[in-house]
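Reading the structure
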Amino acid sequence: MKRLVILGGGESGVGTAILGKKEGFDVFLSDRGQLKPHYRDTLDKEGIAWEEGAHNEDKILSADLIMKSPGIPDKAPIIQKAKAKGISIVSEIEFASRYTNTPIIAITGSNGKTTTTLLTHHLLKEAGIEVGLGGNIGYSFAELVATQHPAYYVLEISSFQLDGIVHFAPHIAVLLNITPDHLDRYDYKFENYIASKFRIAMNQTQNDYLIYDADDPVIAEWLSSHTINSKLIPFSIEKELKEGAFLKDNKIYIMLDNQTTEIEVEDISLRGKHNLKNTMAATVAARLLNIRDQSLRESLKGFKGAAHRLEEVKTVEGITYINDSKATNVNSVYYALDTIGGPIIWIVGGQDKGNDYTALLPFINEKVKAIVCLGVDNTPIIRTFSQSAPIIETHSMEEAVLTARKLASEGDTVLLSPACASFDLFKSYEDRGDQFKAAVAKL
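In this report, the structure presented in the accompanying data block is examined. This is a predicted model, so every value here is computed, not measured.

Before going further, it helps to spend a moment on the overall build of the protein chain. Secondary structure summary: the protein chain contains 17 helices and 20 strands in total. The C-alpha atoms of the protein chain give a radius of gyration of 22 Å, which matches the 22 Å a tight globule of 443 residues would have. Expressed along its principal axes, the backbone C-alpha trace of the protein chain runs to roughly 65 × 55 × 40 Å. Counting only residues that meet the buried cut, the protein chain has 56% of its 443 residues in that class. Summed over its atoms, the accessible surface of the protein chain is roughly 18800 Å², and 47% of this surface lies on carbon and sulfur atoms. Positive and negative side-chain charges of the protein chain, numbering 47 and 58 respectively, have mean locations separated by a distance of 2 Å.

See below:
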């Protein structure tokens, strides 16, 4: 019996354990931190051996195969030792893909992944297609493969997950955009991160598709010097295209196989330029599966966006409060500030990922009335914006919301769009967004 060792006891780790046991592996799960109680219960119920609080090297290095959770860097000592022993190390999506022949729609990009994944799933489901939703959102892909057998899987995929693939090959890949993010994991080299994102197409054949943003200069430059085997389908809001999706006269045109689909922008429930692009990517994927135009139009009208992504929470005394806690990098905040009309009180800060905030300066000068910092160390933010807007530091979400309320007037927007990871003060971006919503509810 082959031995599968799983490092990391979160969603992807426990999902892999379930699938590994089903496929006849001797499974052992190890987490250096503490497992959540419901994950412990699941592993116990499945009869899977596990440990927490430390890595037992002898048990781990006896593996035939290791599945490394996305949060564990390649530089971790236990990973280096496993590599030195010649043990194969894969990501959860690679492991899971070996046990299914179901076609996969995989969506990646620095921003917009969750919205586009949810929308693609919604379009397929509303058209009557049986579809599994997972990856970086909802269930792990491995658990889906172990428990569900739909016609398609729609997966949100991160660069960390793509780093551990060998044969993973989605039938339809979507690459939304590439902006500097997580550079601490890529030796602070943007080109390493770009290459990681393009791994989504690495095993595709000419029978597969890569849907991509033709307006993104990083994507365009990479494609000009690298060969992709799959069929390239671009989308753009800046130029007309012979094939793919583009914006003209406030309509989205989708041109595929000599057929044209037209969708009025005002019929799309999602707002903002970035969401037009997310919508184009999702509708192109749906059209490739021959979903009818009428079904697409109706489904787009009824779609509600992702939680914690430009989520309108409440309007109090003429001040609108928006939760964009999922904006954990500068480009996400750029979209938010671009989408919202001024004046804005901007709540920002958290665990800095080596961010360069200068791209936001035009918005700060033009429409941000004041900045409320919410983080343990706000030095980079203060250094960048101290000449552009008043800055007040706070140390809890309640304090940040109350401070923002004092600074705001009728007609203003209070925007939580942190540009940073949440782990200095919160458990996760969801926890941060939930605390924001709870604080706003008390106003």
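So, next bit.
Sheet architecture is open: 9 strands sit in the order β7-β8-β6-β9-β10-β11-β12-β13-β14, paired in mixed fashion. Looking at strand neighbours, the two that pair on one side only are β7 (131-135) and β14 (259-264), the edges of this open sheet. Adjacent strand axes in the sheet meet at a mean angle of 20° when their direction is disregarded. Judged from the 4 bridges that link them, strand β6 (residues 104-108) and strand β9 (residues 172-175) form a sheet pairing that is parallel.

Positionally, H308 belongs in the loop between α12 (293-302) and β15 (311-316). Residue H308 is classed as buried on the basis of its relative accessible area of 6%.

Here D249, not a glycine, exhibits a phi torsion of approximately 50°, which is positive. Looking at where D249 falls in the secondary structure, it is placed in the loop between β12 (244-248) and β13 (251-256).

The subject of this paragraph is the nonpolar core. Within the largest apolar cluster, 48 residues are counted, with the highest numbers of intra-cluster contacts made by L4, F141, L155, F168, I178, F198 and L210. Ranked by residue count, the leading element in this core is helix α7 (residues 141-147), at 5 residues. Not counting chain neighbours up to four residues away, the residues in contact with I178 comprise S110, F190, Y193, I194, K197, F198, D216, V218 and I219. By size, the runner-up hydrophobic cluster in this structure holds 36 residues, among which are A245, I263, I268 and A281.

Attention now moves to the sheet that holds strand β1 (residues 3-7). The 5 strands are arranged β3-β2-β1-β4-β5 in an open sheet whose pairing can be described as parallel. If you trace the sheet from one side to the other, it starts and ends with β3 (49-52) and β5 (88-90), each paired once. Taken over all neighbouring pairs, the strand axes of this sheet differ in orientation by 20° on average, direction set aside. Pairing of β1 with strand β4 (residues 65-68), which is carried by 4 bridges, proceeds in the parallel orientation. Across the sheet, residue L4 finds its bridge partner in β4, namely L65. Against the sheet, helix α1 (residues 11-22) touches β1, β2 (26-31) and β4, its axis set at about 170° to β2.

Contact pair α1 / helix α2 (residues 37-46): the axes reach a minimum separation of 11 Å and the direction vectors enclose 5°. Taken together, the axes of α1 and α2 are roughly parallel relative to one another. Counted together, E11, V14, A17, I18 and K21 of α1 and Y39, T42, L43 and E46 of α2 form the full contact between these two elements. Of the residues belonging to the contact of α1 with α2, the class tally is 5 nonpolar, 1 polar and 3 charged.

Looking along a regular strand, one sees side chains alternate from face to face of the sheet. The element β2 is largely enclosed, with a buried count of 5 among its 6 residues. Of the strand pairs in this sheet, β1 and β2 are connected by 5 bridges, and their pairing is parallel. Counterpart to V5 in the pairing with β2 is F28. Relative to β3, β2 is paired through 4 bridges, and the arrangement is parallel. The residue of β3 that forms the bridge with L29 is W50. This β-α-β element, β2 to α2 to β3, shows right-handed connectivity.

So, on to helix α17 (residues 429-441). Residues separated by three or four positions in an α-helix point in the same direction, a consequence of the helix having 3.6 residues per turn. Between its first and last C-alpha atoms α17 spans 18 Å; for 13 residues at 1.5 Å apiece the expected length is 18 Å, and the two agree. The elements touched by buried residues of α17 are β15, β16 (319-323), β17 (344-348), α16 (397-407) and β20 (413-416).

Bringing helix α13 (residues 330-339) into the picture now. Every buried residue belonging to α13 is among V330, N331, S332, V333, A336 and L337, and all of these are buried. Elements in contact with the buried residues of α13: β17, α14 (361-367), β18 (368-374) and β20. One side-chain oxygen at the N-terminal end of α13 lies 2.9 Å from the backbone nitrogen of S332; it belongs to N329.

Definitions and cut-offs
- Residues numbered from 1 in each chain as written.
- Predicted model: local features only at pLDDT ≥ 70, side-chain atom pairs only at ≥ 80, totals over all residues.
- Heavy atoms only, no water.
- Helix = DSSP H or I, 4+ residues; strand = E, 2+ residues; numbered from the N terminus.
- Rg over C-alpha atoms; globule rule 2.2 N^0.38 Å.
- Buried < 20%, exposed > 50% of the residue type's maximum accessible area, 1.4 Å probe, protein only.
- Areas by Shrake-Rupley, 256 points an atom, 1.4 Å probe, with all protein chains shown as cover.
- Lys, Arg positive; Asp, Glu negative; His and termini not counted.
- Charge placed at Lys NZ, Arg CZ, Asp CG, Glu CD.
- Pairing = 2+ DSSP bridges.
- Axes fitted to C-alpha atoms, helices over the stretch in contact; angles between N-to-C directions.
- Core = buried A, V, L, I, M, F, W, Y, C linked by side-chain atoms within 4.5 Å.
- Contact = heavy atoms within 4.5 Å.
- Parallel < 35°, antiparallel > 145°, perpendicular 65-115°, else oblique.
- Nonpolar A, V, L, I, M, F, W, Y, C, P; charged D, E, K, R; others polar.
- Right-handed = clockwise from strand over helix to strand, strands pointing away.
- Expected span 1.5 Å × (residues − 1).
- Polar contact = N/O pair within 3.5 Å; in protein donor to acceptor, adjacent residues only side chain to side chain.

Coordinates in, geometry out; function isn't part of it.
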